[in-house]
Amino acid sequence: MTKTLVIGLDAATWDILDPLLEDGRLPNFERLLDRGARGTLISTMPPMTPLAWTSIATGVSPGEHGIYGFREQNPDTYEVSPVEYGSVSRPAVWDVIDAHDGSVGIMNYPIVSPPPKVDGFFVSGFPGTDDGVRAYPSDVQERLRDSDFKVKPDRKPADDRKKYYEEVRRITDAQCQATIDFLERYEPDLLWSVFMGIDWIQHYLWNTEIDGENAVKKSYEHFDGVLGKLLDSVGNDRNVVLLSDHGAGEITGEIHLNELLENLGYLERKQVNETAFETVADIVLEACWRAGAALPHSAKERVKRLAPDSLLDDVRDAAGEGRQKLKETIDWQNTTAFAYDSMGKIYLNSTDRYPDGMVTPDERDATLTEIADRLEELCHPETGEEIVTAVHRGREIYSGSNAEAAPDLLVEPADWQYMCYGDFDESWFHTPRDRFADHTPEGIAVIAGDAVKTTQFTADCTSIAAVVLSLAGTPVPEQMNRELLSQLNGNQQFVSDDRYTSKVHSDNVTEGVEERLRDLGYR
């Protein structure tokens, strides 16, 4: 088996990399590009971490592997809960290598929690926990407890942006060191480490300066040094794949889909709940009054003017209980469509799926068309510009054995400059509050190895798994996308998926996941 290094750089984009490369500020990226093929990796629809990284690992689309977001819904009860990777029914790269007596070292892989029991080591990534079952085997877990590596920052960016940047940098450095330490200890055939820091910095510090320099550019330059350490640790003996799950770009607004669907008459709440907001607002106002602050008239305006950003986030979380208690918030018998999770996913309250469904199979197509048409007509409240490029039918995007769980509609915002949340808010549209950039469909990939026969490519993210297995000299399961493999090296053995099983155990690790998702802005 040929040893292979895969470096995941969540949300990395050529839009940032190319100008830095031209200025000579990324010598280690340049070093890797000199020996490999450069590509654009097209993400899932929507371009979202859970869908994309699962697609990258399994080589199949969400319609096959069944992961559509950070959260999933029980259609029998309307309950929404954090998604569990254990429900994935397709083998991942590590399952295949393990089945062929190879060893793997996986560091910080998103969504995969609890960690599979592999020959080697496996560290679960976001939105897993720093406590509990985080890594396999147990000695890896013990060593991580003594390091600075965490699945997410403790600090909120709005509290102190420079300190947030510095914490992300420490987490990145700690992960790099842990990856190298575990490489030396376990010597796995496949080493795969996914770094999240650039994604966090782009979300929250897109236009922020740290010590006189743009925080995003600084984070790429910092990671160039991390990349150099990883490349030095493996020498020239390994194939190397560097990739991102999607790109990133600045956003200019937020769309809150349940608030919008309610305004359009497709959703009805049992009771509009502003109690939590007003309760917390009263507490803040009382504190301000005791401090002798001059207060304007409106309760909400008083909170907005006087409270720090981090407290306002907590207020909004308290007011937005409908995100966590969708079942209790919505009047299902008078609701046609609703949303949950992030990035534009809408579901019909259909009679053949939900106990209090309103839309019959005969009404489905007409209802979808009506909602899609109205959403595509949306304009920016101030500029009048188009804010929705298209509303896609889920059945046109997804196919496969798990396609029945797919959203019915997917909202594609204009130029991906608007973030779509599946929640309620004070208004259905407003300018960004805390996240100033979000995901775009075009990620990056660099593939360096003796088997690589091309210099440039564009491919779907589902094509990476087959390439990694091919570079490692392992047979490729027949259901994996082989689009890119045929460009790089068409000589490959294919085998049935049936012989592979995932070794994720069934411990319940959903406790605290909602809080961690909200901390990183996944409402």
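Notes on the structure follow. (Residues numbered from 1 in each chain as written. Predicted model: local features only at pLDDT ≥ 70, side-chain atom pairs only at ≥ 80, totals over all residues. Heavy atoms only, no water.)

1. Description of the overall build of the protein chain
Then, in step 1: Broken down by element type, the protein chain carries 19 helices and 24 strands.
Then, in step 2: Counting only residues that meet the buried cut, the protein chain has 59% of its 523 residues in that class.
Then, in step 3: For the protein chain, restricting intrachain contacts to residue pairs at least 6 apart in sequence, the fraction spanning at least 24 positions comes to 70%.
Then, in step 4: Total accessible area on the protein chain stands at roughly 20500 Å², and carbon and sulfur atoms take up 42% of it. (Helix = DSSP H or I, 4+ residues; strand = E, 2+ residues; numbered from the N terminus. Buried < 20%, exposed > 50% of the residue type's maximum accessible area, 1.4 Å probe, protein only. Contact = heavy atoms within 4.5 Å. Areas by Shrake-Rupley, 256 points an atom, 1.4 Å probe, with all protein chains shown as cover.)

2. As for the packing of aromatic side chains
The description of two aromatic rings rests on the distance between their centres and on the angle between their planes.
Then, in step 1: According to the stated counting rule, one finds 19 aromatic pairs in the structure shown.
Then, in step 2: Ring geometry for F121 versus F182: centroids 5.2 Å apart, planes at 55°, classification tilted. On the criterion of sequence distance, the pair formed by F121 in strand 6 (residues 120-124) and F182 in helix 7 (residues 161-186) is long-range, its members being 61 residues apart.
Then, in step 3: Here the aromatic cluster, defined as three or more aromatic residues joined through ring pairs, consists of Y78, W332, F338, Y340, Y347 and Y354.
Then, in step 4: When the ring centre of W14 is taken as reference, the NZ or CZ atom of R38 above it lies at 3.8 Å.
Then, in step 5: Its end group placed over the ring of F424, R269 keeps NZ or CZ at 3.9 Å from the ring centre. (Phe/Tyr/Trp six-rings, centres within 6.5 Å; stacked < 30°, edge-to-face > 60°. Lys NZ or Arg CZ within 6 Å of the ring centre and 35° of its normal.)

3. Focus on the nonpolar core
Then, in step 1: With 116 residues, the main nonpolar core has W94, Y109 and W192 as its most contacted residues.
Then, in step 2: The leading source of residues in this core is helix 7, at ten residues.
Then, in step 3: Among the nonpolar cores identified, the runner-up in size contains 37 residues, and L326, V359, L409 and Y418 belong to it. (Core = buried A, V, L, I, M, F, W, Y, C linked by side-chain atoms within 4.5 Å.)

4. Considering helix 15 (residues 364-376)
Along an α-helix, a turn takes 3.6 residues, which lines up residues three or four apart on a common side.
Then, in step 1: Helix length check: helix 15, at 13 residues, gives a terminal C-alpha distance of 18 Å against a target of 18 Å (1.5 Å per residue), a fit within 8%.
Then, in step 2: Those residues of helix 15 lying buried are R364, T367, L368, I371, A372 and L375. Take helix 15 and look down its axis: the buried residues cluster within an arc of 125°, on one side only.
Then, in step 3: Lining the buried residues of helix 15 we find helix 10 (257-263), strand 14 (337-339), strand 15 (345-348), strand 16 (388-393), helix 16 (394-397) and strand 17 (409-413). (Expected span 1.5 Å × (residues − 1). Arc of directions from axis to C-beta.)

5. Re the pattern of salt bridges
For side chains bearing opposite charge, pairing can occur when the charged atoms are close.
Then, in step 1: Applying the stated criterion to the full structure yields 22 salt bridges.
Then, in step 2: In this structure, the salt-bridge partner of R143 is D139, at a minimum N-O distance of 3.7 Å. Taken as a pair, R143 and D139 lie in helix 6 (residues 138-145) at a separation of four residues, close to a single helical turn.
Then, in step 3: What makes R143 partly exposed here is its relative accessible area of 42%.
Then, in step 4: Across the pair D438 and R435 runs a salt bridge whose closest N-O atoms are separated by 3.1 Å.
Then, in step 5: Residue class for D438 comes out buried when judged on its relative accessible area of 3%.
Then, in step 6: The exposure class of R435 is buried, given its relative accessible area of 0%.
Then, in step 7: If you follow the salt bridges from partner to partner, you end up with R25, E213 and E221 in one network. (Salt bridge = Lys/Arg side-chain N within 4 Å of Asp/Glu carboxyl O.)

6. A few points about the environment of R169
Then, in step 1: Here R169 shows up in helix 7.
Then, in step 2: Taking the relative accessible area as the measure of exposure, R169 reaches 36% and is therefore partly exposed.

7. Re the packing of helix 7 against helix 8 (residues 197-205)
Then, in step 1: The geometry of helix 7 relative to helix 8 is characterised by a closest axis approach of 10 Å and an angle of 170° between their N-to-C directions. The pairing of helix 7 with helix 8 is recorded here as roughly antiparallel in orientation. Contacts between helix 7 and helix 8 involve R161, Y164, Y165, V168, I171 and T172 from the first element and G197, W200, I201, Y204 and L205 from the second.
Then, in step 2: A per-class count over the contact of helix 7 with helix 8 returns eight nonpolar, two polar and one charged. (Axes fitted to C-alpha atoms, helices over the stretch in contact; angles between N-to-C directions. Parallel < 35°, antiparallel > 145°, perpendicular 65-115°, else oblique. Nonpolar A, V, L, I, M, F, W, Y, C, P; charged D, E, K, R; others polar.)

8. Side note on the sheet that holds strand 13 (residues 253-256)
Then, in step 1: The mixed open sheet is built from three strands, whose spatial order is 18-13-19. What marks the edges here is a single partner per strand, and that holds for strand 18 (418-421) and strand 19 (429-430).
Then, in step 2: Two elements, strand 13 and strand 18, share four bridges in a ladder whose sense is parallel. Of the residues in strand 18, the one forming a bridge with G253 is Y418. (Pairing = 2+ DSSP bridges.)

9. A closer look at the environment of E72
Then, in step 1: Looking at the element boundaries, E72 is found in strand 3 (residues 71-74).
Then, in step 2: We classify E72 as partly exposed; its relative accessible area is 28%.
Then, in step 3: Not counting chain neighbours up to four residues away, the residues in contact with E72 comprise E79, V80, S81, P82, V83, E84, S87 and Y340.

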